[in-house]
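Summary of structural features
Residues per chain are reported as follows:
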Amino acid sequence: MTGPNATSTSSPAAKMGRHRSKSTSGSTYCISSPGAESASLSTPNNAGRSSGEEDEKDGGVLFYVNRTGFPIDGVTWERMWTHVAKVHPERQDISKIRNAAYLPKHPVPSVPNFKPTMSVPDWLLAIQNYMKTLQYNHTGTQFFEIRKTRPLCGLMETAREMIRESLPIKCLEAVILGIYLTNGLTSVERFPISFKTQFSGNHFHHVVLGVYCNGRYGTLGMSRRQDLMDKALTFRTLSDLVLEFEDSYRRYQHTLKKVKIGLYVPHDPHVFQPIEWKYLVLNAARLGREDMRKELEKHGRDMRMKILKSSSAQSPIKERSRGKSLSPRRRQSSPQRRHIHRRDKSFDIAALPITVCVCVSLCVFRIIDILCKDHLHFNEKEMGIIKCFSQILN
């Protein structure tokens, strides 16, 4: 089994078919563990690793990421089989499976459809069962590249590709797929929960999708362990949910080191805004259990009140349309500005405030009163008109 000190091989990216996505690096690796989901081991060959990929690493065993899209190119395909043979030397049937002339067609699972009669827990269970049908990826090669800094609309496109290809997935891919399948449930809030644990000198990373609805918390996700993936929508507080994961880790002799809680993910799949993955970072090794509970309850309360805002969120959130720039155009807002500041030549005395009307009336009355005292400038007819007007104003 490949250990932490194993070296990695790096090869340039080959040209792919018409469905191939562009990539800047041909092959990079991350790190996998038999117990939890990931480990952060510093290696000299991780320069090509994309930003936000730390949660794709697993401790103890290297695993690769398919960065060239679909169909899988020859380099990635050969690298995957070579890596599987190294990780599982006891499996003698790997070469037989690869070189078999005929293999039965694997059934493609159908995407669950939401029905109005279904409750939220039933719908979440249907989504989790769909993920389990896809199965957990044990090949050592992650088929879908997930960059955490990518906008939500781009990650939703990756989720659609997961459904289209129907290949096994890992924990980070399951979070993106869970967000996509729950976008229609506006009553359900979704947010990422990341864990960092330590076991036998290695650091392991795992991420699940937290869900909140009607005062209850739960999770969706994928893992090698049944109690480290989905949790039913039964936890009253966010702290109860996180501490339940800590208890599950203890059963596998893992020590919880850090917990990262993100913010609610928008339900609009077209927003050009990245997911906030770690708004709250708690060092479980320094904080006691009670202090961590207080911090989690405060964060959960703030999220329910929706007073927390992402540092990367755009204000206002803009949507990208094909062929159009996201930068604001002056010409679009100019007509409104001209309409607001346009001078209205018509005069409506009823639209004036009452104080202005009173002041104008007093000024006019005073002028007329002064003019009335000078009888030399007016004849009798003019004086009669002025006095009559003065009485009306008075």
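These figures come from a predicted structure and were not determined experimentally.

Some remarks on the sheet that holds strand β4 (residues 189-199)
If you trace the six strands from one edge of the open sheet to the other, you get β7-β6-β5-β4-β8-β9, paired in antiparallel fashion. Since the sheet does not close on itself, it has two edges, and those belong to β7 (231-235) and β9 (280-283), each with one partner. Geometrically, the sheet is characterised by an average inter-axis angle of 25 degrees between neighbouring strands, direction not taken into account. In the packing of helix α3 (residues 120-134) onto the sheet, the strands contacted are β5 (202-213), β6 (216-220) and β7, and the crossing angle to β6 comes to about 15 degrees. Packing of helix α5 (residues 171-181) onto the sheet brings it into contact with β4 and β5, and relative to β5 it is tilted by some 15 degrees.

What about the packing of aromatic side chains?
A full pass over the atoms with the stated rule returns nine aromatic pairs. Seen from their ring centres, phenylalanine 191 and tyrosine 264 are 6.1 Å apart, and the 50 degrees between their planes marks the pair as tilted. Of this pair, phenylalanine 191 sits in strand β4 while tyrosine 264 sits in the loop between β8 (255-261) and β9, placing them 73 residues apart in sequence. Side by side, phenylalanine 191 and tyrosine 264 carry an identical accessibility label, which is buried. By the ring-pair criterion, three or more aromatic residues cluster together here, those being Phe191, Tyr212, Tyr217 and Tyr264. The aromatic ring of tryptophan 277 is capped on one face by lysine 148, whose charged end is 4.9 Å from the ring centroid. Over the aromatic face of phenylalanine 245 sits the side chain of lysine 231, whose NZ or CZ is 5.0 Å from the ring centroid.

Description of α3
If you check α3, its first and last C-alpha atoms are 22 Å apart, about what 15 residues at 1.5 Å a residue would give, namely 21 Å. Regarding α3, the residues found buried are Val120, Trp123, Leu124, Ile127, Gln128, Tyr130, Met131 and Leu134. What you see down the axis of α3 is that its buried residues fit within an arc of 155 degrees, all on one side. Directly after α3, the chain includes glutamine 135, whose backbone phi takes a positive value near 75 degrees.

Some remarks on the confidence of the model for the protein chain
Of all residues in the protein chain, 62% attain a pLDDT of 70 or more, and the chain-wide mean is 75. Per-residue pLDDT, averaged within each element of the protein chain, yields its smallest value for strand β1 (residues 29-32) (41) and its largest for β6 (97). Every residue in residues 39-57 is under pLDDT 50, and counting partners more than four places away or in other chains gives 60 contacts. Under a pLDDT of 50 for its full length, residues 313-347 has, in the predicted model, 15 contacts with residues more than four places off or in other chains.

What about the nonpolar core?
Core analysis: the largest hydrophobic core is formed by 45 residues, its most contacted members being Ile169, Ile176, Leu177, Ile179 and Ile275. A per-element tally of this core places α5 first, with eight residues. The residues contacting isoleucine 169, other than those within four sequence positions of it, are Leu134, Gln135, Tyr136, Asn137, Phe144, Met162, Ala174, Leu177 and Met222. Grouped together as the second largest cluster of nonpolar side chains are 25 residues, Leu243, Val259, Leu263 and Leu296 included.

Observations regarding the side chain of threonine 182
Relative to the helices and strands, threonine 182 resides in the loop between α5 and β4. Only 2.7 Å separates the side chain of threonine 182 from the backbone oxygen of glycine 178, close enough to count as a polar contact. A polar side-chain atom of threonine 182 sits 2.8 Å from a polar atom in the side chain of arginine 190. Leaving out residues up to four positions away in the same chain, threonine 182 has contacts with Leu124, Ile127, Arg190, Leu220 and His267.

Here we look at the packing of α3 against α5
In contact at an axis separation of 11 Å, α3 and α5 are set at 140 degrees when each is read in the N-to-C sense. As summarised for this structure, α3 and α5 are arranged oblique, according to the angle between their axes. Here α3 runs over α5; the crossing is right-handed. The residues of α5 that touch α3, namely those facing Trp123, Ile127, Tyr130, Met131 and Leu134, are Ala174, Leu177, Gly178 and Leu181. Here the contact of α3 with α5 is built from residues that sort into eight nonpolar, one polar and no charged.

Calculation criteria
Residues numbered from 1 in each chain as written. Predicted model: local features only at pLDDT ≥ 70, side-chain atom pairs only at ≥ 80, totals over all residues. Heavy atoms only, no water. Pairing = 2+ DSSP bridges. Helix = DSSP H or I, 4+ residues; strand = E, 2+ residues; numbered from the N terminus. Axes fitted to C-alpha atoms, helices over the stretch in contact; angles between N-to-C directions. Contact = heavy atoms within 4.5 Å. Phe/Tyr/Trp six-rings, centres within 6.5 Å; stacked < 30°, edge-to-face > 60°. Buried < 20%, exposed > 50% of the residue type's maximum accessible area, 1.4 Å probe, protein only. Lys NZ or Arg CZ within 6 Å of the ring centre and 35° of its normal. Expected span 1.5 Å × (residues − 1). Arc of directions from axis to C-beta. pLDDT = per-residue confidence, 0-100. Core = buried A, V, L, I, M, F, W, Y, C linked by side-chain atoms within 4.5 Å. Polar contact = N/O pair within 3.5 Å; in protein donor to acceptor, adjacent residues only side chain to side chain. Parallel < 35°, antiparallel > 145°, perpendicular 65-115°, else oblique. Left-handed = near helix turned anticlockwise from the far one by under 90°. Nonpolar A, V, L, I, M, F, W, Y, C, P; charged D, E, K, R; others polar.

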